[in-house]
Amino acid sequence: MQLQQLFSPSVQHTLDVIGIFVFAISGALLAVRKNFDVFGIAVLAEVTALGGGLFRDLVIGAVPPAAFTDLGYFVTPLLATLVVFFLHPHVERIQMGVLVFDAAGLGLFAVSGTTKAYSYGLGLTASATLGLATAVGGGVLRDVLANEVPSLLRWDRDLYAVPAIVGASMVVLFIRYDALTPLTSGLAVVMAFVLRLAAMRFHWRAPRAWNRRSTVTEE
Amino acid sequence: MQLQQLFSPSVQHTLDVIGIFVFAISGALLAVRKNFDVFGIAVLAEVTALGGGLFRDLVIGAVPPAAFTDLGYFVTPLLATLVVFFLHPHVERIQMGVLVFDAAGLGLFAVSGTTKAYSYGLGLTASATLGLATAVGGGVLRDVLANEVPSLLRWDRDLYAVPAIVGASMVVLFIRYDALTPLTSGLAVVMAFVLRLAAMRFHWRAPRAWNRRSTVTEE
Amino acid sequence: MQLQQLFSPSVQHTLDVIGIFVFAISGALLAVRKNFDVFGIAVLAEVTALGGGLFRDLVIGAVPPAAFTDLGYFVTPLLATLVVFFLHPHVERIQMGVLVFDAAGLGLFAVSGTTKAYSYGLGLTASATLGLATAVGGGVLRDVLANEVPSLLRWDRDLYAVPAIVGASMVVLFIRYDALTPLTSGLAVVMAFVLRLAAMRFHWRAPRAWNRRSTVTEE
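Owing to the predicted nature of the structure, the values given are computational and were not obtained by experimental measurement.

Conventions we followed
Residues numbered from 1 in each chain as written. Chains lettered and ligands numbered in written order. Predicted model: local features only at pLDDT ≥ 70, side-chain atom pairs only at ≥ 80, totals over all residues. Heavy atoms only, no water. Axes fitted to C-alpha atoms, helices over the stretch in contact; angles between N-to-C directions. Helix = DSSP H or I, 4+ residues; strand = E, 2+ residues; numbered from the N terminus. Parallel < 35°, antiparallel > 145°, perpendicular 65-115°, else oblique. Left-handed = near helix turned anticlockwise from the far one by under 90°. Contact = heavy atoms within 4.5 Å. Nonpolar A, V, L, I, M, F, W, Y, C, P; charged D, E, K, R; others polar. UniProt positions renumbered as here; feature names shortened; annotations may be inferred. Least-squares fit on C-alpha atoms with pLDDT ≥ 70 in both. Phe/Tyr/Trp six-rings, centres within 6.5 Å; stacked < 30°, edge-to-face > 60°. Lys NZ or Arg CZ within 6 Å of the ring centre and 35° of its normal. Buried area = accessible area lost by both parts, 1.4 Å probe. Salt bridge = Lys/Arg side-chain N within 4 Å of Asp/Glu carboxyl O. Polar contact = N/O pair within 3.5 Å; in protein donor to acceptor, adjacent residues only side chain to side chain.

### Quick word on the packing of helix α1 (residues 9-33) of chain A against helix α2 (residues 38-60) of chain A
Residue and element names in this part refer to chain A.
- Viewed as axis vectors pointing N to C, α1 and α2 meet at an angle of 140 degrees, and their least axial separation amounts to 7 Å. In terms of orientation, α1 and α2 fall into the oblique class. Relative to α2, the crossing made by α1 is right-handed. Note on element contacts: α2 touches α1 through G40, I41, L44, A45, T48, A49 and L50, opposite I20, F23, A24, S26, G27, A28, L30, A31 and V32.

### Remarks on the packing of helix α4 (residues 95-119) of chain A against helix α6 (residues 161-176) of chain A
Residue and element names in this part refer to chain A.
- Packing of α4 against α6 brings their axes to within 8 Å, and their N-to-C directions diverge by 40 degrees. Helix-helix and strand crossings are classified by hand; for α4 and α6 the assignment is right-handed. Facing L106, A110, V111, T114, T115 and Y118 of α4, the residues of α6 in contact are P163, A164, G167, A168, V171, V172 and I175.
- For the contact of α4 with α6, the class distribution of residues is 10 nonpolar, 3 polar and no charged.

### Notes on the UniProt feature "domain: Glycine transporter" (unreviewed entry) in chain A
Residue and element names in this part refer to chain A.
- Per the UniProt annotation, the sites labelled "domain: Glycine transporter" (unreviewed entry) are residues 14-88 and 100-174.
- Span residues 14-88 is 81% helix and 0% strand, its end C-alpha atoms 24 Å apart.
- Helix makes up 75% of residues 100-174 and strand 0%, and the two end C-alpha atoms of the span are 26 Å apart.

### Considerations on the relation of the copies chain C and chain A
- Overlaying chain C with chain A gives an RMSD of 0.0 Å, the required rotation being 120 degrees about an axis along which the chain moves by 0.0 Å. Taken together, these values place the two copies in the relation of a three-fold axis. For chain C, the residue whose C-alpha comes nearest the rotation axis is C:N147, separated from it by 3.9 Å.

### A few points about the packing of aromatic side chains
- A complete count under the given rule lists 9 aromatic pairs over all chains for this structure.
- When the ring centre of A:W155 is taken as reference, the NZ or CZ atom of A:R208 above it lies at 3.8 Å.

### Quick notes on the interface of chain C and chain A
- Contacts between the two partners involve 29 residues from chain C, matched on the other side by 33 residues from chain A.
- Surface buried jointly by chain C and chain A totals about 2900 Å² across both partners, of which 66% is contributed by carbon and sulfur atoms.
- Per-residue buried area on chain C facing chain A is highest for C:R33, C:N35 and C:F68; these three make up 21% of the total on that side.
- The tally of links from chain C across to chain A stands at 0 salt bridges.
- Breaking the side of chain C that touches chain A down by element, the ones donating at least two residues are α1 (9-33), α2 (38-60), α3 (71-93) and α5 (124-145) of chain C.
- The biggest single contributor to the side of chain C that touches chain A is α2(C), with 7 residues.
- Classifying every residue of the side of chain C that touches chain A gives 20 nonpolar, 4 polar and 5 charged.

### Some remarks on the pattern of salt bridges
- Inspection of the entire model under this criterion finds 18 salt bridges over all chains.
- For C:K116, the salt bridge identified is with C:D57, shortest N-O distance 3.2 Å. Here C:K116 is found in helix α4 (residues 95-119), whereas its partner C:D57 is found in helix α2, with 59 residues between them in sequence.
- Members of the salt-bridge network, linked through shared partners, are A:R56, A:D57 and A:K116.

### A few points about the interface of chain A and chain B
- Taken together, the contacts link 29 residues of chain A with 33 residues of chain B.
- Considering only the surface of chain A that becomes buried against chain B, A:R33, A:N35 and A:F68 emerge as the three largest contributors, covering 21% of it.
- On the surface where chain A and chain B come into contact, there are 0 salt bridges.
- Applying the counting criterion to the chain A and chain B interface returns 4 residue pairs in polar contact (both at pLDDT 80 or more).
- Secondary structure elements with two or more residues in the side of chain A that touches chain B: α1, α2, α3 (71-93) and α5 (124-145) of chain A.
- Sort the elements by how many residues they give to the side of chain A that touches chain B and α2(A) lands first, with 7 residues.
- The class makeup of the residues in the side of chain A that touches chain B is 20 nonpolar, 4 polar and 5 charged.

### What about the environment of C:P207?
- Assignment of secondary structure puts C:P207 in the segment after α7 (182-202).
- Through-space distance from the C-alpha of C:P207 to that of C:D156 is 9.8 Å; in sequence the pair is 51 residues apart.
- Here C:P207 is in contact with B:D37, B:V38 and B:F85, once residues within four sequence places are set aside.

### With respect to the UniProt feature "transmembrane region" (unreviewed entry) in chain A
All names here are of chain A.
- Within this numbering scheme, the UniProt entry marks residues 12-31, 38-55, 67-87, 94-111, 117-138, 159-177 and 183-204 as carrying the feature "transmembrane region" (unreviewed entry).
- In residues 38-55, the share of helix is 100% and the share of strand is 0%. The end C-alpha atoms are 25 Å apart.
- Here residues 94-111 is 94% helix and 0% strand, with 26 Å between the C-alpha atoms at its ends.

Right, here's the structure in full:
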């Protein structure tokens, strides 16, 4: 319980809303590219922003999930929808800025998701896994609804899961050694954020299977 | 609790079963078009008919969900599977009739989903959102399983979400002003139903993003 | 409760881990074919192996689900990922062996899923349905994440659902007539296993809709 109060509630809430907003922007932008109407944009913004946390809350038994009890969490993706609806050429143009915010959201959600799962009694490994799921789950749902192969799984994309795994793992190590404080939590967020930025800057990629045969046998 | 008894239980159950049946028909028809076998038809019929309510029940913590406690809810999509399996050319021919029933199901599920969510203690906005999810969730799952872009999100389809949003919003307004009765509930169902029929008749569509660029940058 | 102890706990756990391992192999192999990176392979292995049981546990209210409380369940798909990552041409070459193990996993999960659902108070039909979902759910999620039409639904694949349905139905019949023992449970597993092997050997398929028109009207 104390764990959930890493930061003061208002600081935590502000951080959450920022993460939700940037994830919603990424969902709304994909919806525009896929030619969806304004309701499709709003649905994809909501799912991208809230899907990961919703999955985590269902798994840990935190029902109704935060996505349905906090009006700010619900309204924020609608604001992102409005921004993208009217300004999407400008948002596309500052795509790099969006990606930087998305990296921040990735770090924030990995850390807060891990912390919340642990505070509901899950083990360290399970908590880190749910932190990862909180951070990347919305993006996977976004791509599934848009009928695309999830960007998370593709080898030709810069590392995305690894920074979240590092951030979540740092949190469980801090918990294990009784060193989780707002400062160390912040450190984990920053580490995930910086790793993701470096992955984008230097195009770090994860390896594909050893001796990958070139033939694709699936039709 | 009292809210769940808007209509007499047997009337409510009959309305639910009608909604389940027509949604199941739409799932089974898509399965036939996708060339699925009879088990694939049954799976898609079940998912389309029960998926929205299943999602709502997991979110509000109503476990096991109604889809798994009411045998009639489970058997009805199997009947729809049989009907489509043997009579699908005829069902296709009366596609317009199916769409009219689907519009009725949309209204019924939006209203009953909103009411059930509120009776489990959710707020007004969250209840309306879950009413919408109850009404459209099954169709989204149907399209995802069939590996298609969800019809709900596409701009080139007649309005589908808006009638459900209107019906669900009417319910929460009636709740807010203490005016929810079988009569006003029925009014919300009818309003959603008529709006959907009008959207089909006059091909109402929602706008796409402002100044939509024609280039599609996704591969 | 007693029902959950069909086999001694260690035997049950060993059977579960075997089922998880072979399902994870099938997920990892598809990920390699789809050209995913090593993290994508791990994600698809985890989802394929644990997705069906996760769905069942959410529906019956067993939270946190076993997938997040048993470290062995979580680690096993990572081992399968390593095996496929380094040895996938060899694993592909023994594809028939993998399919035989997959058939065993299908039978094990159908029976253990049905038993667990019943022990949580669900009815006989709902329990059998959840047994089927436990057995086939992971494979459906695997195909959805890989952006393919679920193999389960396609008519041009050998029977997969029917053996699981038979196994799950045998369990509920044994429960109904008070004859569920380790022996009869094992019989249900073997029956599902043998039926699936026969379906592969003789290419049994389920029928498509009656008088299937050849035109596919979906774009």
